Amino acid sequence: MIKIKEVMELSGLSRRTLQYYDDTGLMDNSRTAENYRLYGDEDLERLWKIILYKEMGFQLNEIRKLLNSDESDMKALLKTRADSIEQEISELQRILDFIEKVTAYGLPDMNAEEFSADGMTMAEMAGIFSERL
């Protein structure tokens, strides 16, 4: 069993973060008679998983589910996260393409008459421009 200071050095996490994980039930380590936190091998393994899931972009409530899930549920949650990231990448790529086209050709001209004739708002027309350019 090791104390929090050693876990801080090993994990790279702050004392406050480790205390928060304990206070919120994400970690469940033992205590000495003097109320010092002690971490065993299982605690360090759990902390390693928390750090990995954080690196994957999961929120703490999602990490709690992952830690308490069986392997098939864990894989489903990872797949859902991967799908979400793919959607984000796709949207960011669309925005990047629009920026590159505007950089190359300039901003599209605003034609107020076209907006009113089509019954479109400026926001709707901007969306169309970003898709077409």
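Overview of the structure. (Residues numbered from 1 in each chain as written. Predicted model: local features only at pLDDT ≥ 70, side-chain atom pairs only at ≥ 80, totals over all residues. Heavy atoms only, no water.)

Scanning the protein for helices and strands turns up seven helices and three strands. Listed by position from the N terminus, the elements making up the protein come as β-α-α-β-β-α-α-α-α-α. Each principal axis of the C-alpha distribution contributes one length, and for the protein these read about 80 × 30 × 25 Å. By residue count, 21% of the 133 residues in the protein fall in the buried class. For the protein, long-range pairs separated by at least 24 residues make up 41% of all intrachain contacts whose partners lie at least 6 apart in sequence. In the form shown here, the protein has an accessible surface area of approximately 9700 Å², with 53% of it arising from carbon and sulfur atoms. If you average the places of the 17 positive and of the 27 negative side-chain charges in the protein, the two averages end up 8 Å apart. (Helix = DSSP H or I, 4+ residues; strand = E, 2+ residues; numbered from the N terminus. Buried < 20%, exposed > 50% of the residue type's maximum accessible area, 1.4 Å probe, protein only. Contact = heavy atoms within 4.5 Å. Areas by Shrake-Rupley, 256 points an atom, 1.4 Å probe, with all protein chains shown as cover. Lys, Arg positive; Asp, Glu negative; His and termini not counted. Charge placed at Lys NZ, Arg CZ, Asp CG, Glu CD.)

Let us look at the packing of helix 1 (residues 4-11) against helix 3 (residues 41-55). Between helix 1 and helix 3, the shortest axis-to-axis distance is 12 Å and the interhelical angle comes to 40 degrees. The orientation of helix 1 relative to helix 3 falls into the category oblique. Helix-helix and strand crossings are classified by hand; for helix 1 and helix 3 the assignment is right-handed. Across from Val-7, Leu-10 and Ser-11 in helix 1, the residues of helix 3 making contact are Leu-44, Leu-47 and Ile-51. Residue composition of the contact of helix 1 with helix 3, grouped by class: five nonpolar, one polar and no charged. (Axes fitted to C-alpha atoms, helices over the stretch in contact; angles between N-to-C directions. Parallel < 35°, antiparallel > 145°, perpendicular 65-115°, else oblique. Left-handed = near helix turned anticlockwise from the far one by under 90°. Nonpolar A, V, L, I, M, F, W, Y, C, P; charged D, E, K, R; others polar.)

Turning to the side chain of Arg-37, a few remarks are in order. The residue Arg-37 is located in strand 3 (residues 37-39) in this model. The buried category is assigned to Arg-37, whose relative accessible area is 12%. Within the structure, the side chain of Arg-37 is placed 3.3 Å from the side chain of Asp-23, a separation counted as a polar contact. (Polar contact = N/O pair within 3.5 Å; in protein donor to acceptor, adjacent residues only side chain to side chain.)

This next bit is on the nonpolar core. Judged by nonpolar contacts, the single largest core of 15 residues is most densely connected at Leu-18, Tyr-21, Leu-47, Ile-50 and Ile-63. For this core, the secondary structure elements donating two or more residues are helix 1, helix 2 (15-23), helix 3 and helix 4 (60-67). (Core = buried A, V, L, I, M, F, W, Y, C linked by side-chain atoms within 4.5 Å.)

Our focus in this paragraph is the packing of aromatic side chains. Per the counting criterion, the structure on display carries one aromatic pair. Here Tyr-53 and Phe-58 contribute two aromatic rings whose centre-to-centre distance is 6.0 Å and whose plane-to-plane angle is 85 degrees, an arrangement assigned as edge-to-face. Side by side, Tyr-53 and Phe-58 carry an identical accessibility label, which is buried. Note that Lys-3 overlies the ring of Tyr-36, its terminal NZ or CZ placed 4.9 Å from the centroid. A cation sits over an aromatic face here: Arg-81 above Phe-58, 6.0 Å from the ring centre. (Phe/Tyr/Trp six-rings, centres within 6.5 Å; stacked < 30°, edge-to-face > 60°. Lys NZ or Arg CZ within 6 Å of the ring centre and 35° of its normal.)

Moving on, we get to the packing of helix 3 against helix 4. Axis separation between helix 3 and helix 4 bottoms out at 10 Å; the angle between their running directions is 130 degrees. Relative to helix 4, the element helix 3 lies oblique. In this structure, helix 3 meets helix 4 at a crossing whose hand is right-handed. When helix 3 is examined against helix 4, the residues Arg-46, Lys-49, Ile-50, Tyr-53 and Lys-54 are found in contact with a partner set consisting of Leu-60, Ile-63, Leu-66 and Leu-67. Along the lines of polarity and charge, the residues of the contact of helix 3 with helix 4 split into six nonpolar, no polar and three charged.

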